[in-house]
There are 2 protein chains.
Amino acid sequence: MKIGDIANKTGFSIETIRFYEKQNLVKNVGRHINNYRDYGDEQIAQLVFIKQCRNIGLSNKEIKILQSHLENPQSECGEVNQLIASALKKIREQLKLLHETELQLNYLNSLCNHNGASHECGIMNELRTTRHF
Amino acid sequence: MKIGDIANKTGFSIETIRFYEKQNLVKNVGRHINNYRDYGDEQIAQLVFIKQCRNIGLSNKEIKILQSHLENPQSECGEVNQLIASALKKIREQLKLLHETELQLNYLNSLCNHNGASHECGIMNELRTTRHF
DNA sequence: ATTGACCCTATATTTACTTCAGGGTTTATA
DNA sequence: TATAAACCCTGAAGTAAATATAGGGTCAAT
Ligand SMILES: [Zn+2]
Ligand SMILES: [Zn+2]
Ligand SMILES: [Zn+2]
Ligand SMILES: [Zn+2]
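The shown structure was predicted, so the numbers you read here are calculated from the model rather than taken from an experiment.

Criteria and thresholds
Residues numbered from 1 in each chain as written. Chains lettered and ligands numbered in written order. Predicted model: local features only at pLDDT ≥ 70, side-chain atom pairs only at ≥ 80, totals over all residues. Heavy atoms only, no water. Near = heavy atom within 4 Å. Polar contact = N/O pair within 3.5 Å; in protein donor to acceptor, adjacent residues only side chain to side chain. Helix = DSSP H or I, 4+ residues; strand = E, 2+ residues; numbered from the N terminus. Donors = N, O, S within 2.8 Å, 3.2 Å for Na, K, Ca; no water. Buried < 20%, exposed > 50% of the residue type's maximum accessible area, 1.4 Å probe, protein only. Axes fitted to C-alpha atoms, helices over the stretch in contact; angles between N-to-C directions. Parallel < 35°, antiparallel > 145°, perpendicular 65-115°, else oblique. Left-handed = near helix turned anticlockwise from the far one by under 90°. Contact = heavy atoms within 4.5 Å. Nonpolar A, V, L, I, M, F, W, Y, C, P; charged D, E, K, R; others polar. 1 Å grid on protein atoms, 1.4 Å probe; cavity = no way out; pocket = protein on both sides within 12 Å on 5 of 7 lines; lining within 4 Å. Points joined across faces, edges and corners; volume = space filled by probe spheres on them.

(A) Seen up close, the protein's contact with DNA strand D. Taken together, 18 residues lie around DNA strand D, and Thr16 and Arg54 of chain A together with Arg18, Arg31 and Arg37 of chain B are the ones closest in. Within 4 Å of the protein, the contacting atoms of DNA strand D are 84% sugar and phosphate, with bases supplying the remainder. In this structure, threonine 16 of chain A approaches DNA strand D through a side-chain N or O atom, which is 2.7 Å from a phosphate oxygen. Asparagine 34 of chain A is positioned with one of its side-chain polar atoms (N or O) 2.9 Å from a phosphate oxygen of DNA strand D. Per-element tally for the surface near DNA strand D: the top contributor is helix 2 (residues 14–22) of chain A, with three residues.

Put into structure tokens, the structure is as follows:
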């Protein structure tokens, strides 16, 4: 299977798939006689796994850790638990911050909806105001 | 005022403040005779404004646009409105994605809390499972 | 034989900083 | 007065996670 085929099949871009190979997230990629990359079921499984991990916000570094547990089925999964728990914690912190950001943006958004001079703009006036100091 | 002082006063790191000067987000920085940077109220105001913008998730590029409205008080603020509205839209999209991520992570988190072999781990089994294909 | 659709490598660009290497200056103290 | 700690400088490289670009090879069809 050529790179364009597996890109279609998995939803990753061609460049991303080549990048993942360079990062050793996609492994054991074969080559055709003409030097084109050759992919099989193993690489599809790898990319599916990567996609699952991306969907829960893991970094490529963290994905590698989980891959090592895939490859060492006898390893203890404590590290896996911790990784997921810490990812969840990070996501919740991000959510909290984003919620605050949303509130503030929503407020700003309400301060001006006309087209006037910037120095009379409610948004600019609010942003110009010193806070938190 | 030296860079360490303004760093303390504004909460930005020294390196970040130098970086912002290079990016022309902080402007008109003076110099002492010994070549040390010299900051005043103008730079404090600039950094306060930058902080406000960061708090609502704006990029440095977007901050520059808002700065140009500060510097041109007669400019029409339509661009400001649009920028804030589009930032709000982006934040809401991010929130939606993060909420889904949280759900999935929370589910994964419930699948294992013991310490066993990875190939029997509920988390790993779930991640290994092909979905969305 | 030439076009268009693919594929290759290597390098550069992006964002927003952070870190590092290799210095000079100022201030406190012994 | 010497010296060490604390602070400042520049320029370059590193970070994450791709994306884009330059320059060129391969393949299928017309
Ligand atoms: Zn919510
Ligand atoms: Zn306005
Ligand atoms: Zn097993
Ligand atoms: Zn487990």
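(B) A look at the coordination of the zinc ion (ligand 4). The coordination sphere of the zinc ion (ligand 4), as far as protein atoms go, consists of Cys77 of chain A (SG), Cys112 of chain B (SG) and Cys121 of chain B (SG), spread over 2.0 to 2.3 Å. Placement of cysteine 77 of chain A in the loop between helix 4 (60–71) and helix 5 (78–110) and of cysteine 121 of chain B in the loop between helix 5 (78–109) and helix 6 (122–128) is noted, with the two residues assigned to different chains. When sorted by exposure, cysteine 77 of chain A lands in the same class as cysteine 121 of chain B, which is buried.

(C) Spotlight on the packing of helix 4 of chain A against helix 5 of chain A. Residue and element names in this part refer to chain A. Relative orientation of the contacting elements helix 4 and helix 5 amounts to 155°, with a least axis distance of 10 Å. Our classification of the angle between helix 4 and helix 5 gives roughly antiparallel. Where helix 4 crosses over helix 5, the handedness of that crossing is left-handed. Residues Glu62, Ile65, Leu66 and His69 of helix 4 form the contact with helix 5, whose own contacting residues are Glu79, Val80, Leu83 and Lys90. Here the contact of helix 4 with helix 5 is built from residues that sort into four nonpolar, one polar and three charged.

(D) The arrangement of the layout of surface pockets in detail. Of the voids in this model, the largest pocket is the one considered here, and its volume is about 400 Å³. In terms of lining, the largest pocket is formed by 22 residues, of which the most central are Arg54, Asn55, Ile56 and Gly57 of chain A together with Thr101 of chain B. The set of elements that each furnish at least two residues to the lining of the largest pocket consists of helix 3 (41–55) and helix 5 of chain A together with helix 5 and helix 6 of chain B. When residues in the lining of the largest pocket are grouped by element, the largest group, seven residues, is from helix 5 of chain B. In terms of residue class, the lining of the largest pocket is made up of eight nonpolar, eight polar and six charged. Taken as a whole, the second largest pocket encloses approximately 250 Å³ of empty space. As for the second largest pocket, its lining consists of 15 residues, and the residues nearest its centre are Glu42, Ala45, Gln46, Phe49 and Leu70 of chain B. Listing elements by their share of the lining of the second largest pocket, those giving two or more residues are helix 3 (41–55) and helix 4 (60–71) of chain B. Of the residues belonging to the lining of the second largest pocket, the class tally is six nonpolar, four polar and five charged.

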